[in-house]
Amino acid sequence: MDTTQLLEFDRKHLWHPYASMTEPPPVNFAVSASGTKIRLADGSELLDGVSSWWCMCHGHNHPKIVAAIREQAAKLSQVMFAGFTHEPAIRLAQLLVESAPAGLTRVFYADSGSVAVECAAKMALQYQLAAGRGSRRLLGTVRGGYHGDTAGAMALSDPDGMHHMFSGILSKHHFAPQPATPFGADWNPDDFAPMEAMLDRYENEIAAVILEPVFQGASAMRFYHPRYLAELRRACSERDILLIFDEVATGFGRLGEFFAAEYAKVSPDLMCVGKGLTGGAIGLAALLASDKVAETISAVPPGKFMHGPTFMANPLACAAGCASLELFSEYDWRGNVKAIERQLRSELEELRNLPNVKDVRTLGAVGVAELASTPSPETVQRIVRETGVWLRPFGPWLYTMPPFVASPEELTRITRAMRAIALA
Ligand SMILES: *Cc1c(COP(=O)(O)O)cnc(C)c1O
């Protein structure tokens with residue numbers, strides 16, 4: 001089959017994310033990728049302004065990660081993790097524990113960010129059951145969150161967001177308002193009061209509080225004051241409610257610190273990681289837990305955590321994860337992210353006064369222009385084609401999360417393309 005026939009089959013038979021099956025949106029036919037570029041079947045290239053959904057921190061097809069997968073594939077590509085272990089899983093856990101906020105010493109591998117969130121919720125419930133607080137069967141969170149597309153994760157995401165039509169099958173968790181003080185602004189102590197009041201009121205129902213630290217991604221594209229997290233840490237500890245950070249989007253340097261938790265100088269009891277864990281090369285996620293959680297669950301019958309994905313700790317994915325985490329000590333990623341932040345800030349600031357731009361915000365390797373009106377898919381598609389820059393705004397949020405290896409010239413191409421979309 002030639003490309004045209006393959007695309008024809010794709011249109012008729014393949015579902016793409018958040019897409020119609022009868023009126024499918026156009027798709028780019030990718031054939032290879034390296035660094036910041038994705039090459040298409042027609043020979044053209046797209047500059048990846050969104051790191052393929054925020055994952056590809058070191059760029060596409062990094063030779064070290066590719067070699068790690070290749071070497072591992074020749075030895076052991078999969079073995080069930082019940083009754084077996086292997087070196088990539090062990091080494092990756094070592095690297096994760098070393099780089100995670102203090103106290104997160106136990107690692108549970110999952111297949112995707114959503115599944116890591118499901119596991120966190122289950123672990124929190126099992127913890128409270130084991131601690132003799134069986135009435136704590138719900139979670140607390142904040143509005144404007146996003147935790148994934150599986151049922152448990154949808155129930156924790158913004159109730160007015162893209163999942164509202166499924167509300168009939170979702171648990172009714174407790175929601176506090178969105179953290180209000182922006183990152184970098186003066187902390188307003190009143191900001192935390194509604195969360196504190198919610199925890200007081202529902203203390204006997206809430207097993208854990210989950211949220212995305214510092215940056216609310218897919219549901220809000222907004223940065224908030226890390227002091228909120230310090231207050232939340234205190235408030236949860238006072239009530240023995242667990243604190244879960246969903247670092248699936250923020251982990252691995254995206255915001256300028258290795259984990260966003262570092263901005264608040266606190267450790268959660270549970271932490272979900274995914275997306276950038278393998279440098280974007282292959283799907284993998286993990287849930288990190290404290291000794292307290294692991295020991296409490298293990299001390300009381302059934303004495304075990306009741307979850308076990310079929311492809312748990314897949315050796316290829318773990319090998320990619322090891323290579324990606326090692327890469328962080330092989331180049332100055334912090335310097336790169338700082339430079340990306342400076343450039344995005346200065347170039348996106350120039351969009352602030354455009355009539356269709358409501359707000360501009362940047363932190364680390366994330367740049368967001370919030371538009372007054374949502375650009376049409378046709379407009380975005382045209383500008384992607386004209387500029388050769390791959391952007392995929394959702395709703396009013398036009399954003400970039402470039403690979404950390406993007407050059408200043410490439411960043412300028414990205415911000416120019418964003419400007420073109422904002423002006424269209
Ligand atoms: C993307 C994302 C998820 C879901 O991860 P998947 O791998 O798509 O299941 C969960 N939480 C956050 C914060 C995310 O950004």
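Conventions adopted
Here, residues in each chain are numbered from 1, in the same order as that chain's written sequence. Residues qualify for local features only when their pLDDT is at least 70, as the model is predicted, and side-chain atom pairs are given and counted only at 80 or more; totals for whole chains, interfaces and linings, by contrast, use all residues. With hydrogens and water set aside, each side-chain value is computed from the structure's full complement of heavy atoms. In these notes, residues near a molecule or strand are those with any non-hydrogen atom within 4 Å of it. Pairs of N or O atoms within 3.5 Å make up the polar contacts considered here, provided that, within protein, one atom can donate a hydrogen while the other can accept it, and that residues adjacent in sequence are counted only when both atoms are side-chain atoms. Method for areas: the Shrake-Rupley scheme with a 1.4 Å probe, in which residue coverage is limited to the protein chains shown. Note on residue categories: nonpolar means Ala, Val, Leu, Ile, Met, Phe, Trp, Tyr, Cys or Pro, charged means Asp, Glu, Lys or Arg, and polar means any other residue, Gly included. Strands qualify as paired when DSSP identifies two bridges or more between them. By the criteria applied, helices consist of DSSP H or I runs no shorter than four residues and strands consist of E runs no shorter than two, each listed in order from the N terminus. Nonpolar side chains (Val, Leu, Ile, Met, Phe, Trp, Tyr) within 5 Å and like charges within 9 Å form the patches, drawn only from residues with over 30% relative accessible area and no salt bridge. Here, a salt bridge means any Lys or Arg side-chain nitrogen found within 4 Å of an Asp or Glu carboxyl oxygen. To sort residues, take the accessible area from a 1.4 Å probe on protein chains only and compare it with the maximum for the residue type: under 20% means buried, over 50% means exposed, and anything in between is partly exposed. Paired rings are identified among Phe, Tyr and Trp, the last through its six-membered ring, by centres lying within 6.5 Å, and are further divided according to the angle between planes into stacked (under 30 degrees), edge-to-face (over 60) and tilted (the rest). Lysine NZ or arginine CZ positioned within 6 Å of the ring centre and within 35 degrees of the ring normal marks a charge as sitting over the ring. UniProt positions are given in the numbering used here, feature names are shortened, and annotations may be inferred rather than shown by experiment. Here a cavity denotes a set of grid points, spaced 1 Å apart and computed over the protein atoms alone, in which a 1.4 Å probe fits but from which it cannot get out, and a pocket denotes an open set meeting protein on both sides within 12 Å along at least five of seven lines; residues with an atom within 4 Å of a point are reported as lining. By definition in these notes, contact holds between two residues if any of their heavy atoms fall within 4.5 Å. A domain assignment, automatic or from a database, supplies the domain bounds used here. Buried area adds together the accessible area that both of two parts lose upon being put together, with accessible area traced by a 1.4 Å probe. Between N-to-C directions, angles span 0 to 180 degrees; the directions come from axes that are lines fitted to C-alpha atoms, helices contributing only their stretch in contact. Expected helix span is given by 1.5 Å per residue-to-residue step, counting one fewer step than there are residues.

(A) Inspection of the site of the ligand at higher detail. With respect to spatial proximity, the complete set of residues near the ligand consists of W54, S112, G113, S114, Y146, H147, G148, E212, D246, V248, A249 and K275. In this structure, G113 approaches the ligand through a main-chain N or O atom, which is 2.9 Å from an oxygen atom. Within the complex, 82% of the 380 Å² of free accessible area of the ligand lies under protein. A per-class count over the shell around the ligand returns four nonpolar, five polar and three charged.

(B) Focus on the sheet that holds strand β3 (residues 45–48). A sheet is described by the order of its strands in space; here four strands give the open sequence β1-β2-β3-β15, paired in mixed fashion. Since the sheet does not close on itself, it has two edges, and those belong to β1 (30–34) and β15 (389–390), each with one partner. Sheet analysis places β3 next to β15, joined by two bridges and oriented parallel. The residue bridging D48 from the neighbouring strand is W390, located in β15.

(C) Geometry of unusual backbone geometry. For the bond running from P301 to P302, omega is 5 degrees, close enough to zero to count as cis. Looking at the element boundaries, P302 is found in the loop between α10 (291–299) and α11 (315–327). Here the phi dihedral of D240 falls at roughly 50 degrees; this positive angle occurs in a residue that is not glycine. One can find D240 in the loop between α8 (227–239) and β10 (242–246).

(D) Structural detail: a nonpolar patch on the surface. A cluster of nonpolar side chains, contributed by M1, L6, F9 and L14, occupies part of the molecular surface with about 400 Å² of accessible area. With respect to the helices and strands, L14 occurs in the loop between α1 (3–13) and β1. Overall, the relative accessible area of 38% leaves L14 in the partly exposed class.

(E) Quick look at the packing of aromatic side chains. Enumeration over the complete set of coordinates arrives at 16 aromatic pairs. Pairing F192 with Y228 gives two aromatic rings, centres 5.2 Å apart and planes at 75 degrees, and the pair type is edge-to-face. Here F192, found in the loop between β6 (174–176) and α7 (193–201), pairs with Y228, found in helix α8; they are 36 residues apart in sequence, far enough to count as distant. The same class applies to F192 and to Y228, which are both buried. Measuring from ring centre to ring centre gives 5.6 Å for F252 and F258, while their planes differ by 90 degrees; the resulting arrangement is edge-to-face. Members of the aromatic cluster, each reached through a chain of ring pairs, are F252, F258, F259, F328 and W333. The cationic tip of K275 hangs over the ring face of W54; the distance from NZ or CZ to the ring centre is 4.8 Å.

(F) Looking closely at the UniProt feature "binding site: substrate" (unreviewed entry) in the protein. Taking the UniProt record as the reference, the feature "binding site: substrate" (unreviewed entry) is found at W53, Y146, K275, G308 and R392. The named residues occupy 340 residues along the chain; their greatest pairwise C-alpha distance, 33.8 Å, places them well apart from one another. For the largest cavity, the lining residues among the annotations just cited are K275. With respect to the helices, strands and loops of the structure, K275 is situated in the loop between β11 (270–273) and β12 (285–290). Judged by its relative accessible area of 26%, K275 falls in the partly exposed class. For K275, the contacting residues outside a window of four places in its chain are W53, W54, C55, V248, A249, G280 and L284.

(G) Layout of the domain arrangement of the protein. Domain assignment breaks the protein into domain 1 (17–61 + 333–423) and domain 2 (66–328). Taking the mean C-alpha position of each, domain 1 and domain 2 sit 26 Å from one another. Taken together, the contacts link 25 residues of domain 1 with 31 residues of domain 2. Interface of domain 1 and domain 2: buried area, both sides summed, is about 2,300 Å²; carbon and sulfur atoms make up 68% of it. Summed over the three residues of domain 1 that lose the most area to domain 2, namely W54, W333 and L363, the buried surface amounts to 30% of that side.

(H) Up close: the sheet that holds β6. If you trace the seven strands from one edge of the open sheet to the other, you get β4-β12-β11-β10-β7-β5-β6, paired in mixed fashion. The open sheet has two free edges, formed respectively by β4 (104–110) and β6, since each of these has just one partner strand. Sheet twist, expressed as the mean angle between neighbouring strand axes with direction ignored, is 20 degrees.

(I) The arrangement of α11 in detail. Over its 13 residues, α11 runs 18 Å from end to end, which matches the ideal 18 Å to within 8%, given 1.5 Å per residue. Of all 13 residues that make up α11, twelve are buried, and the element is covered over most of its length. Turning to α11, its buried residues are P315, L316, A317, C318, A319, A320, G321, C322, A323, S324, L325 and L327. Against α3 (63–75), α4 (87–99) and β4 lie the buried residues of α11. If you check the start of α11, you find a side-chain oxygen 3.1 Å away from the backbone N of L316, and it comes from N314.

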